[in-house]
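One letter stands for each residue in the lines below.
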There are 2 protein chains.
Amino acid sequence: MQLRNQVEWALHCCSILAGLPPGQRLSTKALAEFHGVPKPYLSKALQSLAQAGLIEGTLGPSGGYRLARPAAEISFLEITEAIEGRARSFACTEIRRNAPCLRADEQISGPCQVARVMWQADEAWRAVLRSQSLADLSATLEAELPERLLADAEAWVGARSAGG
Amino acid sequence: MQLRNQVEWALHCCSILAGLPPGQRLSTKALAEFHGVPKPYLSKALQSLAQAGLIEGTLGPSGGYRLARPAAEISFLEITEAIEGRARSFACTEIRRNAPCLRADEQISGPCQVARVMWQADEAWRAVLRSQSLADLSATLEAELPERLLADAEAWVGARSAGG
DNA sequence: CTTATTGCGGACATTCAATATCTTTAATGA
DNA sequence: TCATTAAAGATATTGAATGTCCGCAATAAG
Ligand code: SF4
Ligand code: SF4
């Protein structure tokens, strides 16, 4: 019951890509260096995001990634699911079918209350993540972080981004 | 991001213990047989529940487990946390501290917005599980399951329960 | 008292997923 | 052409989840 830390990486990377000037791209190398994480491994996470249609990769020199859609249309849930998959956190193995008092021909209708409650909790979790977009995140960060830090980060990223 | 299947076992076992006449106990052996799961492994889950103070074990012949509290005072969340632990699903590794533009002496206040959103989702998940008690589960099951099945299960369990 | 039964706790083996790295290929701009 | 980059896949490494085992202490029944 633990999210992979790739989720954290992905969220931070998307946050940076959201702050890029429109059309600009940033390479895996720069993103890995910025966060201090192994580049080949971060690359896997970015590929998952690309396959999910959240970001776009471009080959060649001055290639890199950029958001495939406006930041306001990308939610925390989409990013999380791109990394973790869409499986529900509670897996139902139907152990009630093993009950010794259950007759072979007897029908059991749908999922039982145990599974329904667990799935309801899962849905509540998803609802919160679905309600938060990358644009919301950027707005909060800009309001909270010190100006110098934002400026320096922008300069650092700007020096390494390319394309249009 | 997947709950252990011990959680499912624990929920079902608690559900059965909740249906026992007051004071009666049921052994690990019977619970394992009923659900068709390996007894030594189920034993681990039941021990976790006992350590969390949700059920009580009694030694000796005719020993076994019973609820330590009324079913109405035991929530899904307590059972889940007894197995899974109380750690939050999103672990913050503070990767923002690796940012190259961050000066050594610079303070970063508390958790950032990324972590706050993830934890908020986690809390929504917990809120649903906290709101459901074992008594609620029993009530729903009694209303939904066919009468014959309930009677047979009660008879099967009754023949193997003991004490008072 | 003796004996069988049961939960308790720890040690241990096994299996599988998460983590991390590497290599090759294809695309692209300089 | 040539250097650079993402894409895709193979492959190690690690660690957690799963499953088993054994000795111990408590307890009730004979
Ligand atoms: S939770 Fe309910 S539906 Fe899921 S396996 Fe257990 S009994 Fe079957
Ligand atoms: S989510 Fe925010 S607080 Fe957590 S590690 Fe990343 S930057 Fe730090």
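This text goes with the structure placed above it.
Residues numbered from 1 in each chain as written. Chains lettered and ligands numbered in written order. Predicted model: local features only at pLDDT ≥ 70, side-chain atom pairs only at ≥ 80, totals over all residues. Heavy atoms only, no water.

## What to know about the pairing of strand β1 (residues 55–58) of chain A
Residues and elements named next belong to chain A. How we decide: By this definition, two strands are paired if DSSP reports at least two bridges between them. Secondary structure counts use DSSP, requiring at least four H or I residues in a row for a helix and at least two E residues in a row for a strand, with both numbered from the N terminus.
In this structure, β1 lies alongside strand β2 (residues 64–67), joined through 4 bridges in antiparallel fashion. Pairing of E56 across the sheet is with R66, part of β2. The antiparallel pairing of β1 with β2 creates a hairpin that spans 5 residues between the two strands, and G60 there sits at a positive phi of about 85°.

## Thoughts on the protein's contact with DNA strand C
Definition in use: For each residue, the test is whether any non-hydrogen atom lies within 4 Å of the molecule or strand; if one does, the residue is near. Whenever two N or O atoms come within 3.5 Å, that pair is a polar contact, provided that in protein one can donate a hydrogen and the other can accept it, and provided that, for residues adjacent in sequence, both atoms are side-chain atoms.
Taken together, 21 residues lie near DNA strand C, and A:P38, A:P61, B:T28, B:K44 and B:Y65 sit nearest. The contact in question runs from a sugar or linking oxygen of DNA strand C to an N or O atom on the side chain of A:Y41, over 3.4 Å. Within the backbone of B:P61, an N or O atom sits 3.4 Å from a base oxygen of DNA strand C. Those elements giving two or more residues to the surface near DNA strand C turn out to be α1 (5–18) and α3 (39–51) of chain A together with α3 (39–51), β1 (55–58) and β2 (64–67) of chain B. With 3 residues, α3(A) is the largest single contributor of residues to the surface near DNA strand C.

## Let's talk about the site of ligand 2
Put simply, the rule reads: Here the nonpolar group is Ala, Val, Leu, Ile, Met, Phe, Trp, Tyr, Cys and Pro; Asp, Glu, Lys and Arg are the charged ones; every other residue, Gly included, is treated as polar.
Near ligand 2 the following residues occur: A:E8, A:H12, B:C92, B:T93, B:E94, B:I95, B:R96, B:C112, B:V114 and B:A115. Residues lining ligand 2 come from chains A and B. Here the shell around ligand 2 is composed, by residue class, of 5 nonpolar, 2 polar and 3 charged.

## Comments concerning the interface of chain B and chain A
Test applied: Contacts are residue-level and defined by heavy atoms, with any inter-residue pair within 4.5 Å sufficient. Summed over both partners, the accessible area (1.4 Å probe) lost when two parts come together is defined as the buried area. By definition here, a salt bridge exists when the distance from a side-chain nitrogen of Lys or Arg to a carboxyl oxygen of Asp or Glu is within 4 Å.
Between chain B and chain A, the contact holds 52 residues from the first and 52 residues from the second. Surface buried jointly by chain B and chain A totals about 5,200 Å² across both partners, of which 66% is contributed by carbon and sulfur atoms. Summed over the shared surface of chain B and chain A, the number is 2 salt bridges. A salt bridge links B:R116 to A:E144, with the nearest nitrogen and oxygen atoms 2.7 Å apart. At the junction of chain B and chain A, the tally comes to 8 residue pairs in polar contact (both at pLDDT 80 or more). Mapped onto the side of chain B that touches chain A, the elements with two or more residues apiece are α1 (5–18), α2 (28–35), α4 (76–84), α5 (113–130), α6 (134–144) and α7 (147–160) of chain B. Of the residues forming the side of chain B that touches chain A, the biggest block, 12 residues, is contributed by α5(B).

## Remarks on the packing of aromatic side chains
Here is the rule we go by: A pair of aromatic rings is counted whenever rings of Phe, Tyr or Trp (Trp by its six-membered ring) have centres within 6.5 Å, and the orientation is called stacked for planes under 30 degrees apart, edge-to-face for over 60 and tilted otherwise. Partly exposed describes any residue whose relative accessible area lies between the buried limit of under 20% and the exposed limit of over 50%, with all areas from a 1.4 Å probe on protein chains only and scaled to the type maximum. Charge-over-ring placement is defined geometrically: NZ (Lys) or CZ (Arg) within 6 Å of the ring centre, and within 35 degrees of the ring normal.
Under the definition given, this model contains 4 aromatic pairs over all chains. Ring geometry for B:W9 and B:Y41: centres 5.4 Å apart, planes at 85°, overall edge-to-face. One end of the pair, B:W9, is in helix α1; the other, B:Y41, is in helix α3, and 32 residues separate them in sequence. On the accessibility criterion, B:W9 (7% relative accessible area) is buried. In this structure B:Y41 comes out as partly exposed when scored by relative accessible area, which is 40%. Both rings, one in B:F34 and one in B:W156, keep their centres 5.2 Å apart while their planes meet at 65°; by these two values the pair is edge-to-face. Note that B:F34 is positioned in helix α2 and B:W156 in helix α7, a separation of 122 residues in sequence. In this structure B:F34 comes out as buried when scored by relative accessible area, which is 11%. With relative accessibility at 13%, the residue B:W156 sits in the buried group. Just above the ring of A:W156 sits the side chain of A:R160; from NZ or CZ to the centre is 3.8 Å. Stacked on the ring of B:W119, the Lys or Arg B:R88 has its end atom at 3.8 Å from the ring centre.

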